[in-house]
Number of protein chains: 2
Amino acid sequence: MRKDVRESTALDDMICFQLYAASRGMTAIYRPLLDPHGLTYPQYLVLRVLWHDGPTTVRDLGHTLRLDSGTLSPLLKRLETQGHLRRERQTHDERVVTVHLTATGVALREQIGDLTRQLVCATGLTLDELAQLNHLLSRARGTATLPPKG
Amino acid sequence: MRKDVRESTALDDMICFQLYAASRGMTAIYRPLLDPHGLTYPQYLVLRVLWHDGPTTVRDLGHTLRLDSGTLSPLLKRLETQGHLRRERQTHDERVVTVHLTATGVALREQIGDLTRQLVCATGLTLDELAQLNHLLSRARGTATLPPKG
DNA sequence: CGCAATTCAGTTGTGCACAACCGACCAGTG
DNA sequence: CACTGGTCGGTTGTGCACAACTGAATTGCG
């Protein structure tokens, strides 16, 4: 009945919409998994970086997640209010703010556990297809080699 | 030096971040192309549907783009303020709001022209890779078969 | 007909995302 | 020391995105 965007014109436009819709669909899958812990998907990404890399700075978080301070500042403030992390100015360079987990922030990792299996099932793709998808996405500019500002 | 999210754990988590980053990177590529016309990427998507399918309703737009009225209502109001479209209540069912382009909204299609070539170049992928990517994304749940609310 | 359930668009509130801008801060130079 | 250019994090303003809700309108059922 209704015509879909996918039919309309060129391949790349299709893909842009697919990316856009898939990204929102993915966060929609994460939402019920993270909501019980009071987290959003971007907040979960920040915690993952801290769990994996340890204490870091706002600047490095921005580079890793490709987000600017306008996004990270309020997000980190919310995570600090929840007691998951703390922010501190570096003494020798007061422009830099370091971010490190609290005990509850570290403990949250175990409470959330492994979302992998649930996520794989939710996508409905095979492991082989997921590997292909990852390969293509990491090859595309805008993810691996082309951050927002070059 | 810094470790990347991509290294951290499982395949699907990698892909979720890749999707998230790729989607934002894609809109970042569209931004300078659409900004001269005073449009955002979601607004451009709405116009594309109207250009291709003709007059439609808020409900059908939501189904096609997988967006709810909370997103579409203010977005359509902004497009109406810009003079690109008009919204009207259906006479025989006043719950339904029909959306149709104005003359300037139709003309905008030619003014914007074909973004395809610029987009393909911006991704840095080959046409074959784009086709694979499209195939995988359309196979994944959350895009084709699993809208936010099942 | 009368009334409950459903279908719509819209509103409210929260949280990203990003451009533009700001002020503090640091390093280098004279 | 004062001056200059660049580096930081933060703020402001705009625009999505979505959950939850509102209220009008319609449909279905007895």
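Structural data are supplied above this passage.
The notes below deal with the structure included here. Within each chain, residue numbers correspond to sequence positions counted from 1 in written order. To read the labels, note that chains go from A and ligands from 1, taken in the order they are written. This being a predicted model, a pLDDT of at least 70 is required before a residue's local features are given, and a value of 80 or more before pairs of side-chain atoms are given or counted; all residues contribute to the totals for chains, interfaces and linings. Excluding hydrogens and water, the side-chain values take into account all heavy atoms of the structure.

**So, the nonpolar core**
Thinking step 1. Counting 88 residues, the largest nonpolar core has Y30, Y41 and V46 of chain A together with Y30, Y41 and V46 of chain B as its most contacted members.
Thinking step 2. We call two residues contacting when some pair of their heavy atoms lies within 4.5 Å. Contacts of Y41 of chain A, omitting those with residues within four sequence positions, involve M26, T27, Y30 and L34 of chain A together with C16, F17 and Y20 of chain B. In these notes, a set of buried Ala, Val, Leu, Ile, Met, Phe, Trp, Tyr and Cys residues joined through side-chain atoms within 4.5 Å is what counts as a nonpolar core. Using a 1.4 Å probe on the protein chains alone, a residue whose accessible area is under 20% of its type maximum counts as buried, one over 50% counts as exposed, and one in between counts as partly exposed.

**Here's the deal with the pattern of salt bridges**
Thinking step 1. By convention in these notes, a salt bridge is any Lys or Arg side-chain nitrogen within 4 Å of a carboxyl oxygen on Asp or Glu. Following the criterion strictly, the structure yields 8 salt bridges over all chains and no others.
Thinking step 2. Between R139 of chain A and E129 of chain B there is a salt bridge, with the nearest N and O atoms lying 2.5 Å from each other. Of the two residues, R139 of chain A sits in helix α8 (residues 127–139) while E129 of chain B sits in helix α8 (residues 127–139), which places them in two different chains.
Thinking step 3. Classification of R139 of chain A by relative accessible area gives partly exposed; the value is 37%. Only DSSP runs of H or I reaching four residues or more are called helices, and only runs of E reaching two or more are called strands; each is numbered from the N terminus.

**Side note on the protein's contact with DNA strand C**
Thinking step 1. Residues in close proximity to DNA strand C total 27 residues, the closest being T40 and R78 of chain A together with Y20, R59 and S69 of chain B.
Thinking step 2. Polar contacts here mean pairs of N or O atoms no more than 3.5 Å apart (in protein, one a potential hydrogen donor and the other a potential acceptor; neighbouring residues in sequence count only if both atoms are side-chain atoms). In the model, a phosphate oxygen of DNA strand C is placed 2.6 Å from a nitrogen or oxygen of the T40 of chain A side chain.
Thinking step 3. R95 of chain B is positioned with one of its side-chain polar atoms (N or O) 2.9 Å from a base oxygen of DNA strand C.
Thinking step 4. Of all the elements in the fold, those that place two or more residues in the surface near DNA strand C are α3 (41–53) and α5 (69–81) of chain A together with α2 (11–34), α4 (58–65), α5 (69–81) and β2 (85–89) of chain B.
Thinking step 5. A class-by-class count of the residues in the surface near DNA strand C yields 6 nonpolar, 8 polar and 13 charged. One heavy atom suffices: a residue is near a molecule or strand as soon as one of its heavy atoms comes within 4 Å of it. Amino acid classes used here: Ala, Val, Leu, Ile, Met, Phe, Trp, Tyr, Cys and Pro are nonpolar; Asp, Glu, Lys and Arg are charged; the rest, including Gly, are polar.

**A look at the side chain of T57 of chain A**
Residues and elements named next belong to chain A.
Thinking step 1. Here T57 shows up in strand β1 (residues 56–57).
Thinking step 2. A polar contact of 3.1 Å, which involves the side chain of T57, links it to the backbone nitrogen of D60.
Thinking step 3. Discounting chain neighbours no more than four positions away, the residues touching T57 are Q90, V96, V97, T98 and V99.

**Structural notes on the packing of α3 of chain A against helix α4 (residues 58–65) of chain A**
Residue and element names in this part refer to chain A.
Thinking step 1. Axes here mean lines fitted to C-alpha atoms, for a helix over just the part in contact, with angles spanning 0 to 180 degrees between N-to-C directions. At a minimum axis distance of 11 Å, the contact between α3 and α4 shows a crossing angle of 110 degrees. Our classification of the angle between α3 and α4 gives roughly perpendicular. Viewed along their axes, α3 and α4 form a crossing whose handedness is right-handed. Each of L45, V46 and V49 in α3 lies in contact with α4, whose residues at this interface are L61, T64 and L65.
Thinking step 2. Class assignment of the residues belonging to the contact of α3 with α4 gives a composition of 5 nonpolar, 1 polar and no charged. Each angle receives one of four descriptions, namely roughly parallel if under 35 degrees, roughly antiparallel if over 145, roughly perpendicular if within 65 to 115, and oblique otherwise. Crossing handedness follows the turn of the near helix against the far one: under a right angle anticlockwise gives a left-handed crossing, and clockwise gives a right-handed one.

These figures capture arrangement, not role.
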